[in-house]
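One-letter residues, chain by chain:
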Amino acid sequence: LSRVLRRREKLPQENTVDDAVRLLSTAKRIIVLSGAGISTSCGIPDFRSSTGLYAQLQAEGKYELDDPQQMFDISYFREHPEVFYSFAKQIYPSNFVPSPCHRWIKLLEDRGVLLRNYTQNIDTLESLAGVTNVLQCHGSFSTASCLRCKDRMPGSVIEPYIMSQRIPYCPKCRPQRDAEIAAIKAYRAQRRAKSKSKGKAKATWDDDETEDDDDDIPEWSGEPGIIKPDITFFGQALDSEFDECLFRDREQVDLLVIMGTSLKVAPVSEVLSHIPHSVPQIFINLTPVTHVKPDICLLGDADSIVTALSDRLGWSIPPPPHGDAA
Ligand code: APR
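Thresholds, definitions, all that
- Residues numbered from 1 in each chain as written.
- Predicted model: local features only at pLDDT ≥ 70, side-chain atom pairs only at ≥ 80, totals over all residues.
- Heavy atoms only, no water.
- Axes fitted to C-alpha atoms, helices over the stretch in contact; angles between N-to-C directions.
- Helix = DSSP H or I, 4+ residues; strand = E, 2+ residues; numbered from the N terminus.
- Contact = heavy atoms within 4.5 Å.
- Nonpolar A, V, L, I, M, F, W, Y, C, P; charged D, E, K, R; others polar.
- UniProt positions renumbered as here; feature names shortened; annotations may be inferred.
- Buried < 20%, exposed > 50% of the residue type's maximum accessible area, 1.4 Å probe, protein only.
- Phe/Tyr/Trp six-rings, centres within 6.5 Å; stacked < 30°, edge-to-face > 60°.
- Near = heavy atom within 4 Å.
- Polar contact = N/O pair within 3.5 Å; in protein donor to acceptor, adjacent residues only side chain to side chain.
- Areas by Shrake-Rupley, 256 points an atom, 1.4 Å probe, with all protein chains shown as cover.

Draft legend 1. Region of interest: the packing of helix 6 (residues 100-110) against helix 12 (residues 302-313). In contact at an axis separation of 8 Å, helix 6 and helix 12 are set at 40° when each is read in the N-to-C sense. Residues Pro100, Cys101, Trp104 and Leu107 of helix 6 form the contact with helix 12, whose participating residues are Ala302, Asp303, Val306, Thr307 and Ser310. For the contact of helix 6 with helix 12, the class distribution of residues is six nonpolar, two polar and one charged.

Draft legend 2. Spotlight on the UniProt feature "binding site: Zn(2+)" (unreviewed entry) in the protein chain. As annotated by UniProt and renumbered to match this structure, "binding site: Zn(2+)" (unreviewed entry) occupies Cys146, Cys149, Cys170 and Cys173. For this annotated set, covering 28 residues, all C-alpha atoms fall within 8.6 Å of each other, a compact arrangement in space. Relative to the helices and strands, cysteine 146 is located in strand 4 (residues 139-146). Residue cysteine 146 is classed as buried on the basis of its relative accessible area of 2%. Filtering out sequence-adjacent residues up to four positions away, cysteine 146 remains in contact with Asp151, Met153, Cys170, Cys173, Gly225, Ile226 and Ile227. Mapped onto the elements of the fold, cysteine 173 is located in the loop between helix 8 (159-163) and helix 9 (174-201). By relative accessible area, cysteine 173 is classed as buried at 3%. Sequence-distant contacts of cysteine 173, that is, excluding residues within four places in its chain, are made with Cys146, Arg148, Cys149 and Gly225.

Draft legend 3. Structural context of the packing of aromatic side chains. One pass over the full model with this rule turns up 14 aromatic pairs. Their ring planes at 85° and their centres at 6.0 Å tell us that phenylalanine 72 and phenylalanine 233 sit as a pair that is edge-to-face. With a gap of 161 residues between them, phenylalanine 72 in the loop between helix 3 (53-60) and helix 4 (74-79) and phenylalanine 233 in the loop between strand 6 (227-231) and helix 10 (240-249) connect regions that are remote in the sequence. Taking relative accessible area as the criterion, phenylalanine 72 reaches 7% and is therefore assigned buried. Phenylalanine 233 gets classed as buried once you look at its relative accessible area, which sits at 2%. Arranged with centres 5.3 Å apart and planes meeting at 65°, the rings of phenylalanine 84 and phenylalanine 233 form a pair that is edge-to-face. Of this pair, phenylalanine 84 sits in helix 5 (residues 81-87) while phenylalanine 233 sits in the loop between strand 6 and helix 10, and the two are 149 residues apart along the sequence.

Draft legend 4. Structural view of the site of the ligand. Residues in close proximity to the ligand total 22 residues, the closest being Phe47, Arg48, Tyr54, Thr261 and Ser262. Separating an oxygen atom of the ligand from a side-chain N or O atom of tyrosine 54 is a distance of 2.6 Å. At 3.4 Å, a backbone N or O of glycine 260 approaches an oxygen atom of the ligand. Within the complex, the protein chains bury 94% of what would otherwise be the 740 Å² of accessible surface of the ligand. Looking at the shell around the ligand, its residues break down into seven nonpolar, 12 polar and three charged.

Right, here's the structure in full:
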C-alpha cells in the first residue's frame, strides 16, 4: 500500500495507512461520501480534472457555453434546453461496470458497517454494484419530471429523446400549453385587428384608451412543459432526503470516508462540517484538498488504495456483478 501511495506522492504516509487500517477494522457505522473520482476507472470522466468533463466541454467549444458548468445550470437549461439535450447522451448511464471502489462500498455494506453512501454521482454504479443504502445527493437519470406540472415519470420515458438528441415535452400538460399558446395567438390577432380598425377610425375621433382590454390577456405560465431528468442542476435545491438523512446519520456515524471528490460543491462538501469533530475522516483521492483538513489523507488511485487497504484488513472485494469484466 505504501508503494501505491508513494508512487503517486512523495509523502510519508505509512503512519496514516496504519491509522486508516486500524479505524476501518473497528468502525461499525461508516459514512462513505463519494464523487466522480470513483467512476473514472469505469470510463466516466470526472468534472474538474484536466481531462474531466468541464475541460472537454471547454476544449470542444461546441456548445458556446460561457462556463462549462452552464451545461448543468437550471436557468441556462430553461433558456436553452436544446444544448443539454444535444449533450446528455454522452453522460447517460449505459453499460458501465462498477469499479473496485463501488464494490468496496458494497463490501462495507455486506460487513454490516455501512451507515450510508452519500454519492454525488448520477451514474447509478453504486446500485449496479449492489449497494442498497446509497443516497444519490445529486439525483440520477432514473426518474424525470416536467418543469411545468412537476409530473414525475420513469427516466426511460425520456431515454429515446436523449439518445436522439430531442427535447421531450410533457404529454400531460401539452394540451393545456397548446391551448394557452392558441389563446395568446388569438388575443394578439384580435389586438392587431382592433388597432387596424382604430387606425381607420383615427381620422374621426380618438378612441377611448380605457377601452384597452389588457386585463383579458390569456394566462401564460412561460413554462413550455419541458421534461428534465431528476439530476440536480446548479441553482436547484437538493431533495429534502439529503438533510433528513444527514440529520439522523450525524448522531450515529463513527467514521467518515471521503473518496474521489474535489469537495468543491455545496451542500455535499459541507457534510464534513456537520459531522462531530470526534469522528475521524479518511480522504482517499488522486489530488489533495486544501480547503478542508481530513484527519487522514491517502493520496493516489482510489481503486488501488481500497484494494490495498482490504488486503491489509483481510477483506476481499466482491467481483463485478454478473461476472462483467472489471
Ligand atoms: N482515484 C482517486 N481520485 C480520483 C481518481 C481516481 N482514479 N480520478 C479522479 N479523482 C479525483 C480528482 O483528482 C478530483 O479531485 O476525483 C476528484 C473528482 O472531483 P470533481 O471532478 O470535482 O468531481 P466531484 O467532486 O464528484 O464533483 C462534485 O460537481 O459538477 C458538479 O454535480 C457535479 O456531482 C458533481 C459535483
